[in-house]
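Reading the structure
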Amino acid sequence: MSLSSAFRAVGNDPGIITWRIEKMELALVPLSAHGSFYEGDCYIVLSTRRVGSLLSQNIHFWIGKDSSQDEQSCAAIYTTQLDDYLGGSPVQHRETQYHESDTFRGYFKQGIIYRKGGVASGMKHVETNTYDMRRLLHVKGKRNIVATEVEVSWDSFNRGDVFLLDLGKVIVQWNGPESNSGERLKAMLLAKDIRDRERGGRAEIGVIEGDREAASVELMTVLQDTLGRRSVIKPAVPDELIDQQQKSNIMLYHVSDSAGQLAVTEVATRPLVQDLLNHDDCYILDQGGVKIFVWKGKGATKVEKQAAMSKALGFIKIKGYPSSTNVETVNDGAESAMFKQLFQKWSVKDQTTGLGKTFSVGKIAKVFQDKFDVTLLHTKPEVAAQERMVDDGKGKVEVWRIENLELVPVERQWYGFFYGGDCYLVLYTYEVNGKPRYILYIWQGRHASQDELAASAYQAVELDQQFDGAPVQVRVSMGKEPRHFVAIFQGKLVIYKGGTSRKGKAEPETPVRLFQIQGNDKSNTKAVEIPAFASSLSSNDVFLLRTEAQHYLWCGKGSSGDERAMAKELARLLCDGTEETVAEGQESAEFWDLLGGKAPYANDKRLQQEVLDVQPRLFECSNKTGRFIVTEVTDFTQDDLNPGDVMLLDTWDQVFLWIGAEANTTEKERALATAQEYLQTHPSGRDTDTPILIIKQGFEPPNFTGWFLAWDSHIWSAGKSYEQLKGELGDAAAIMRITADMKNTTLSLNSDASEPKYYPIEVLLRNQNQGLPEDVDPAKKENYLSEQDFVSVFGITRGQFAALPGWKQLQLKKEKGLF
């Protein structure tokens with residue numbers, strides 16, 4: 001096949017395209033076979049996603065464990081050619097069997113199947129409705145599952161995993177006694193996917209619980225007829241997991257081969273900054289030997305860029321890493337989200353996102369928020385997510401302080417005054433569709449004692465329980481207040497560097513205090529106490545200098561009229577209107593004396609506009625094994641929030657921890673510690689004071705749901721448990737009948753018996769009282785449509801339909817009158 005015809009399938013539509021290397025040519029793999037890979041072959045997978053208005057493309061070349069060196073080289077060449085065809089912007093990945101990246105495995109939500117053989121042994125990717133099958137699949141994993149074709153024998157079984165015996169018209173699932181419910185559910189979904197996508201919905205599935213085999217006599221008979229007499233099952237095999245600590249060991253190297261051989265020079269270790277990357281060079285970023293990234297600068301030569309993958313493989317050899325090490329090559333200006341988040345900060349110049357514009361001034365980042373329409377926050381949750389706001393902050397506010405490890409209400413006149421020596425709980429109540437919703441902020445002062453910090457966490461749990469777990473809990477570190485927290489005090493938020501507001505414990509008033517006031521309306525204004533030195537000033541802000549005798553409101557040249565107006569309102573609160581306004585450059589000698597003398601301060605003009613370039617990422621977090629394991633979920637949707645899991649959504653300036661209703665007690669209790677551990681072990685050297693929001697299933701606020709496309713608040717009530725799904729499967733008697741027929745009949749794909757029977761759409765629209773054919777299952781009418789009719793009715797192929805979540809399939813069937 002010529003390259004032009006091989007790449008004809010490539011377009012701008014989001015989705016996955018897969019090619020197999022067949023006799024050194026590219027052959028398109030049918031949609032129904034996506035996710036199945038022959039161990040003796042190599043494949044190229046192109047993923048196209050839309051991120052905002054931009055296209056994001058990833059090319060993966062996959063290497064089967066039994067593929068030849070020629071096929072591997074061929075796959076690498078085609079990958080480079082496809083990259084050129086797409087203008088050099090895609091991210092390239094090298095994937096090896098058993099060691100694929102989370103990104104790759106995430107494309108195949110129902111799992112990956114490794115099949116024995118390959119092109120050389122005559123193995124083909126067949127279309128739907130093939131029943132000539134006899135294989136045993138070993139299913140491993142919980143989030144991104146992998147099914148490997150193994151020898152059809154009891155010797156292949158172990159007690160910790162799930163196995164599928166696939167006989168074409170019958171699939172029997174055997175659950176190891178030590179497998180968990182998540183693994184059993186995922187294996188069952190894979191079995192249903194094989195039935196729907198490969199068999200056109202025409203196969204029966206039965207399930208045997210390995211610890212209750214006696215309850216499934218008929219199904220055990222099917223297994224023993226195929227595998228022989230039941231033998232002793234081997235013990236469980238632990239999964240190979242890489243913990244987050246190992247992933248956090250990162251090192252950046254400069255790569256050069258100007259002297260004729262590969263020279264690798266160490267540049268820096270964690271935390272990395274973006275400025276280390278020179279646009280004229282190539283670099284290798286080594287993530288603890290777990291993954292290797294190659295960054296290709298815009299100014300690097302074409303030869304250097306094309307040699308990037310071979311440089312990575314040379315580096316792996318030099319380091320003595322296994323040949324299966326995952327490799328990703330990224331282009332300057334088109335970096336993947338995963339690569340960017342290995343750096344302390346990654347920004348793009350001259351871009352603006354959302355309604356906020358960010359400027360960087362010296363070391364102080366300054367954010368201006370344009371006014372926005374509050375009514376949008378609930379009708380358009382994506383606005384709430386981008387703005388980090390659930391409403392305009394005008395709901396009901398209650399504030400408590402921790403005193404003697406107990407909660408003491410703060411008098412309303414002191415709402416908005418926070419002291420660095422204290423801890424506070426702030427309960428915010430707002431309404432959505434007439435129902436109350438709650439946010440519980442836990443504000444922790446920098447100088448609070450360990451006992452008070454612990455008490456604030458304990459009291460938050462107690463208060464949370466009073467509201468039946470409904471509040472979203474937000475840990476707020478002093479100085480890192482989220483935007484909504486600032487808004488609820490309506491322009492009257494003052495944060496003192498130290499001290500306490502407890503009665504009888506007030507410390508002597510500091511003779512000189514300096515407050516930096518930022519904000520341009522009531523929703524974003526706050527005053528923060530900073531060291532009273534001239535070097536603390538900045539030309540872009542307004543500052544209040546307060547002493548026992550005099551008060552000065554100092555207005556920097558770069559401050560706006562709105563900022564000065566809001567600062568005056570806040571100064572009136574702190575100084576009873578006695579402050580004297582001073583313009584930058586008009587200061588008296590006394591003003592400088594109070595600050596310890598004149599000194600240089602940040603007085604540059606605003607630097608070039610800068611926007612942090614980050615994408616939200618979803619992870620499954622687990623520390624059940626005693627090691628902290630983080631698994632990324634790519635192309636995430638609401639369906640990826642499994643009620644049995646604890647999931648972490650990282651939007652960079654905030655971290656959400658979502659707790660499923662069926663998560664175990666230990667995971668619920670350790671939720672905050674899990675989020676803190678995630679920040680501490682993040683490869684980029686993240687700010688550990690990043691706000692953490694703890695959210696329970698069913699109580700998601702719009703600033704969380706807005707990160708998910710088309711959030712459906714009823715999805716879990718429609719979702720089915722493992723036991724419910726199991727109950728919907730065919731009965732054992734039907735499976736016995738089919739296997740008996742299979743024994744008596746030589747299966748032939750050409751025989752009438754195995755030919756699928758289709759009916760016109762007008763026949764299938766009838767109900768049972770109107771003459772629906774007897775052999776049609778009323779709950780699965782779509783299985784009796786021909787391939788052509790299926791596409792004309794649903795507008796998508798059978799394989800695409802099978803990949804949809806169950807509730808969506810049901811919705812489509814009802815719309816078309818087929819349910």
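Keep in mind it's a predicted model, so treat the numbers as computed, not measured. (Residues numbered from 1 in each chain as written. Predicted model: local features only at pLDDT ≥ 70, side-chain atom pairs only at ≥ 80, totals over all residues. Heavy atoms only, no water.)

Points about the pairing of strand S13 (residues 250-256)
- With five of its seven residues buried, S13 lies for the most part within the structure.
- Pairing analysis gives six bridges linking S13 to strand S15 (residues 282-287), with the strands arranged antiparallel. Paired with Val255 across the strands is Cys282, a residue of S15.
- Pairing between S13 and strand S14 (residues 263-269): six bridges, direction antiparallel. Considered in S14, the bridge of Leu252 is made with Ala268. (Buried < 20%, exposed > 50% of the residue type's maximum accessible area, 1.4 Å probe, protein only. Helix = DSSP H or I, 4+ residues; strand = E, 2+ residues; numbered from the N terminus. Pairing = 2+ DSSP bridges.)

Topic: helix H8 (residues 308-319)
- Compared with the 16 Å implied by 1.5 Å per residue over twelve residues, the 17 Å span of H8 between its first and last C-alpha is a close match.
- Every buried residue of H8 is listed here: Ala308, Met309, Lys311, Ala312, Phe315 and Ile316. In a view along the axis of H8, the buried residues occupy a sector of 155°, so they form one face of it. In H8, the exposed residues that point more than 90 degrees away from the buried face are Lys317 and Ile318.
- Following H8 by one or two positions, Gly320 adopts a phi angle in the positive range, close to 75°. (Expected span 1.5 Å × (residues − 1). Arc of directions from axis to C-beta.)

Re the sheet that holds strand S32 (residues 580-583)
- Here seven strands make up an open sheet; going across it, the order is S23-S27-S29-S28-S30-S31-S32 and the pairing mixed. With one partner strand each, in any of the chains shown, strand S23 (417-419) and S32 form the two edges of the open sheet. With direction set aside, neighbouring strand axes in the sheet form an average angle of 20°.
- Along the sheet, helix H14 (residues 561-575) contacts S23, strand S27 (493-496), strand S28 (512-518), strand S29 (526-530), strand S30 (542-547), strand S31 (551-555) and S32; its crossing angle with S30, the most-contacted strand, is approximately 20°. (Axes fitted to C-alpha atoms, helices over the stretch in contact; angles between N-to-C directions. Contact = heavy atoms within 4.5 Å.)

Considerations on the packing of aromatic side chains
- Enumeration over the complete set of coordinates arrives at 41 aromatic pairs.
- Arranged with centres 5.7 Å apart and planes meeting at 85°, the rings of Trp554 and Tyr601 form a pair that is edge-to-face. With Trp554 in strand S31 and Tyr601 in the loop between helix H15 (589-594) and strand S33 (610-612), this pair connects stretches of sequence that are 47 residues apart. Like Tyr601, Trp554 is buried.
- Here the basic side chain of Arg230 rests over the ring of Trp154, its NZ or CZ set 5.6 Å away from the ring centre. (Phe/Tyr/Trp six-rings, centres within 6.5 Å; stacked < 30°, edge-to-face > 60°. Lys NZ or Arg CZ within 6 Å of the ring centre and 35° of its normal.)

Quick look at unusual backbone geometry
- If you check the backbone angles, Asn404 has positive phi at about 50° while not being a glycine.
- Locating Asn404 in the fold gives a position in the loop between strand S21 (396-403) and strand S22 (406-409).
- Overall, the relative accessible area of 69% leaves Asn404 in the exposed class.
- Of note in this structure, Leu405 is not a glycine but carries a positive phi near 65°.
- Assignment of secondary structure puts Leu405 in the loop between S21 and S22.
- Here Leu405 falls in the partly exposed class, since its relative accessible area comes to 42%.

Topic: the sheet that holds strand S11 (residues 170-175)
- Read across the open sheet, the seven strands follow the order S3-S7-S9-S8-S10-S11-S12; overall the sheet is mixed. With one partner strand each, in any of the chains shown, strand S3 (36-38) and strand S12 (204-209) form the two edges of the open sheet. Averaged over all adjacent pairs, the angle separating strand axes in this sheet is 20°, with direction ignored.
- Bridge analysis of strand S8 (residues 135-140) against strand S10 (residues 162-166) gives five bridges, and the strand direction is antiparallel. Its bridge partner being in S10, His138 is matched across the sheet by Phe163.
- Running over the sheet, helix H4 (residues 181-198) touches S3, strand S7 (112-115), S8, strand S9 (146-150), S10, S11 and S12 and is turned about 20° from S10.
- Lying on the sheet, helix H5 (residues 217-227) is in contact with S10, S11 and S12; it crosses S12 at an angle near 95°.

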